[in-house]
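Structural overview for review
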Amino acid sequence: MIVDCAIYEKGRRRPGSHSIAEAAGACHGPGVFVWLGLFEPGADEFAEVGAAFGLHELAVEDAVKAHQRAKLEVYGESLFVVLKSARYVDDIEVVEFGEIQIFVGEGFAVVVRHGEASALTDTRSRMESRPDLLEHGPAAVLYGIMDKVVDDYLPVIHGLDHDIREVEYQVFAESSSNPVERIYKLKREVIEMMQATEPLGDPLERLSARPLPWVPDDTRHYFRDVHDHLQRVTERVDAFSQLLSSVLEANLTRVSVRQNEDMRKISAWVAIAAVPTMIAGVYGMNFEHMPELDEPWAYPAVLVLIFGSCALLYRAFRRSGWL
């Protein structure tokens with residue numbers, strides 16, 4: 001359950017490993033805070049953490065169950081932030097989502113991660129290389145994780161953009177394949193991406209513009225920078241949604257046009273086939289008094305009439321674009 005439990009003093013990590021009880025006891029010292037990382041804890045396991053750091057019971061319940069939308073809630077003098085992490089699996093064109101809950105309070109940042117998307121090991125290493133940032137306390141941890149999650153949206157955007165371009169080429173290609181199923185699947189992934197990114201705008205706006213517990217004023221510009229990056233992501237995702245709707249309409253139009261072309265070709269060939277059918281029908285009625293039946297030129301004349309009529313019809317349909 002515990003990925004890492006570290007105590008930081010004046011932006012630098014204390015050596016050694018620490019238990020939850022030791023971390024909870026050390027987090028009240030001046031210039032000291034705890035960064036506790038957990039991965040998919042159970043209810044009983046996380047109850048110990050909640051009791052040690054005085055976490056609100058409703059936030060603890062949300063952290064264990066997961067499946068929350070991105071949000072920021074204030075419980076007394078502590079913050080509870082939910083983030084939706086994402087990664088793009090290009091082979092199957094699916095966006096996999098994870099969830100990260102962050103508790104920020106007096107001298108602690110408790111991070112709970114669900115799912116494989118957006119692992120935070122490199123985030124901790126990057127933040128530990130910046131003691132000047134970690135001196136801001138738990139708010140620096142919150143910034144580092146939010147920055148990591150938003151940055152990880154960019155590869156997802158690039159993957160979706162590449163596959164949407166492929167779908168565009170496929171729709172307007174000369175091949176008769178119909179990519180409507182692929183378009184619908186991409187549309188579904190884009191909608192889920194919108195549901196993950198758009199709600200995060202409000203928490204970032206609050207963190208960058210409004211006074212909140214344990215968020216120093218001199219950290220607001222960091223959250224403002226993350227907010228700017230998120231806005232670019234949400235704009236691209238919204239553009240993808242509109243583009244896929246247009247691509248779907250274009251595909252349906254192309255299908256209708258191809259069906260009309262097929263019907264015109266079928267109708268043209270039916271009209272051409274009707275000429276020999278009609279002539280054969282006349283001579284197939286077995287009348288006795290048909291003077292040309294006894295003429296030696298009658299059979300070749302009928303063949304010339306059939307092939308000549310078919311050739312004239314074929315030429316006419318070719319000129320009109322039906323064949």
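Above this text you will find the structure in question.
A brief look at the structure comes next. As the structure is a prediction and not an experimental result, all values here were calculated from the model.

Reading the values: rules and limits
- Residues numbered from 1 in each chain as written.
- Predicted model: local features only at pLDDT ≥ 70, side-chain atom pairs only at ≥ 80, totals over all residues.
- Heavy atoms only, no water.
- Helix = DSSP H or I, 4+ residues; strand = E, 2+ residues; numbered from the N terminus.
- Rg over C-alpha atoms; globule rule 2.2 N^0.38 Å.
- Buried < 20%, exposed > 50% of the residue type's maximum accessible area, 1.4 Å probe, protein only.
- Areas by Shrake-Rupley, 256 points an atom, 1.4 Å probe, with all protein chains shown as cover.
- Lys, Arg positive; Asp, Glu negative; His and termini not counted.
- Charge placed at Lys NZ, Arg CZ, Asp CG, Glu CD.
- Pairing = 2+ DSSP bridges.
- Contact = heavy atoms within 4.5 Å.
- Expected span 1.5 Å × (residues − 1).
- Bend = angle between axes of the 7 residues up to and from the residue.
- Phe/Tyr/Trp six-rings, centres within 6.5 Å; stacked < 30°, edge-to-face > 60°.
- Lys NZ or Arg CZ within 6 Å of the ring centre and 35° of its normal.
- Core = buried A, V, L, I, M, F, W, Y, C linked by side-chain atoms within 4.5 Å.
- Arc of directions from axis to C-beta.
- Axes fitted to C-alpha atoms, helices over the stretch in contact; angles between N-to-C directions.

1. Focus: the overall build of the protein
Scanning the protein from terminus to terminus reveals 10 helices and seven strands. Computed over the C-alpha atoms, the radius of gyration of the protein is 35 Å, more than 25% above the 20 Å expected from 2.2 N^0.38 for a compact globule of 323 residues. C-alpha extents for the protein along the principal axes are approximately 120 × 40 × 30 Å. The burial tally for the protein puts 46% of its 323 residues in the buried class. Carbon and sulfur atoms make up 55% of the accessible area of the protein, which amounts to about 17200 Å² in all. Here the protein carries 32 positive and 50 negative side-chain charges, and the mean point of each set is 4 Å from the other.

2. Things to note about the pairing of strand β4 (residues 71–75)
When β4 meets strand β5 (residues 78–89), the two strands line up antiparallel, connected through five bridges. The residue bridging glutamate 73 from the neighbouring strand is phenylalanine 80, located in β5. Where β4 folds back on β5, the antiparallel hairpin that results is connected by two residues, among which glycine 76 adopts a positive phi of roughly 65°.

3. A closer look at the environment of alanine 59
With respect to the helices and strands, the residue alanine 59 is situated in helix α3 (residues 57–65). In the structure, alanine 59 is positioned 38 residues away from alanine 21 in sequence and 20 Å away in space, judged by C-alpha atoms. Leave out the neighbours within four places in its chain, and alanine 59 touches Tyr75, Phe80 and Phe103.

4. Examining helix α9 (residues 220–283)
With 64 residues, α9 extends 95 Å between its outermost C-alpha atoms, agreeing within 8% with the 94 Å of an ideal straight helix rising 1.5 Å per residue. At alanine 274, α9 shows its maximal kink, close to 25°; a proline, proline 276, follows between one and four residues later.

5. A few points about the packing of aromatic side chains
By the definition in use, this model includes eight aromatic pairs. Measuring from ring centre to ring centre gives 4.8 Å for phenylalanine 80 and phenylalanine 103, while their planes differ by 35°; the resulting arrangement is tilted. Taken together, the residues phenylalanine 80 in strand β5 and phenylalanine 103 in strand β6 (residues 94–105) connect sequence positions 23 residues apart. Phenylalanine 103 shares its class with phenylalanine 80; the two are buried. On the numbers, 6.2 Å between centres and 90° between planes, the contact of tyrosine 143 with phenylalanine 223 is edge-to-face. In this pair, tyrosine 143 sits in helix α6 (residues 138–171) while phenylalanine 223 sits in helix α9, placing the two residues 80 residues apart along the sequence. Ring pairs connect the aromatic residues Tyr8, Phe33 and Trp35, which therefore count as one cluster. Over the ring of tryptophan 35 we find arginine 124; its NZ or CZ atom is 4.2 Å from the centre of that ring.

6. Re the nonpolar core
If you look at the biggest cluster of nonpolar residues, it comprises 56 residues, and the most contacted ones within it are Leu83, Ile102, Ile145, Met146, Tyr153, Leu200 and Leu207. No other element matches α6, which puts 15 residues into this core. One finds Ala26, Val34, Leu36 and Val60 within the second-largest nonpolar core, a separate group that totals 25 residues.

7. Looking at helix α2 (residues 43–53)
Along α2, the positions that sit buried rather than exposed are Phe46, Val49, Gly50 and Phe53. The buried side chains of α2 occupy one side of the element, clustering within an arc of 100° when seen end-on. With respect to the buried face of α2, the exposed residues turned more than 90 degrees away are Asp44 and Ala51. Close packing links the buried residues of α2 with α1 (20–26), β3 (32–39), α3, β6 and β7 (108–114).

8. Some points on the pairing of β7
Successive side chains on a regular strand alternate, one facing one side of the sheet and the next facing the other. With respect to burial, β7 is a largely interior element, seven of its seven residues being buried. Direction of pairing for β3 relative to β7: parallel, over a ladder of six bridges. Within β7, the residue paired with leucine 36 across the bridge is valine 110. One ladder, built from seven bridges, connects β6 with β7; its direction is antiparallel. Paired with isoleucine 102 across the strands is valine 111, a residue of β7.

9. Some thoughts on the environment of phenylalanine 53
Mapped onto the elements of the fold, phenylalanine 53 is located in helix α2. The contact partners of phenylalanine 53, leaving out residues within four places of it in the chain, are Ile20, Ala23, Ala24, Cys27, Val34, Leu36, Phe108 and Val110.

10. Focus on the sheet that holds β5
In space, the seven strands of this open sheet follow the order β2-β1-β3-β7-β6-β5-β4, with mixed pairing throughout. For this open sheet the edge positions go to β2 (12–13) and β4, each flanked by a neighbour on one side alone. As judged from the seven bridges shared by strand β1 (residues 2–9) and β3, these two strands associate in the antiparallel manner. Bridge assignment links cysteine 5 to a residue of β3, and that residue is leucine 36. Running over the sheet, α6 touches β3, β5, β6 and β7 and is turned about 25° from β5. Strand contacts of helix α7 (residues 180–197): β5 and β6, with the helix running at about 5° to β6, the strand carrying the most contacts.

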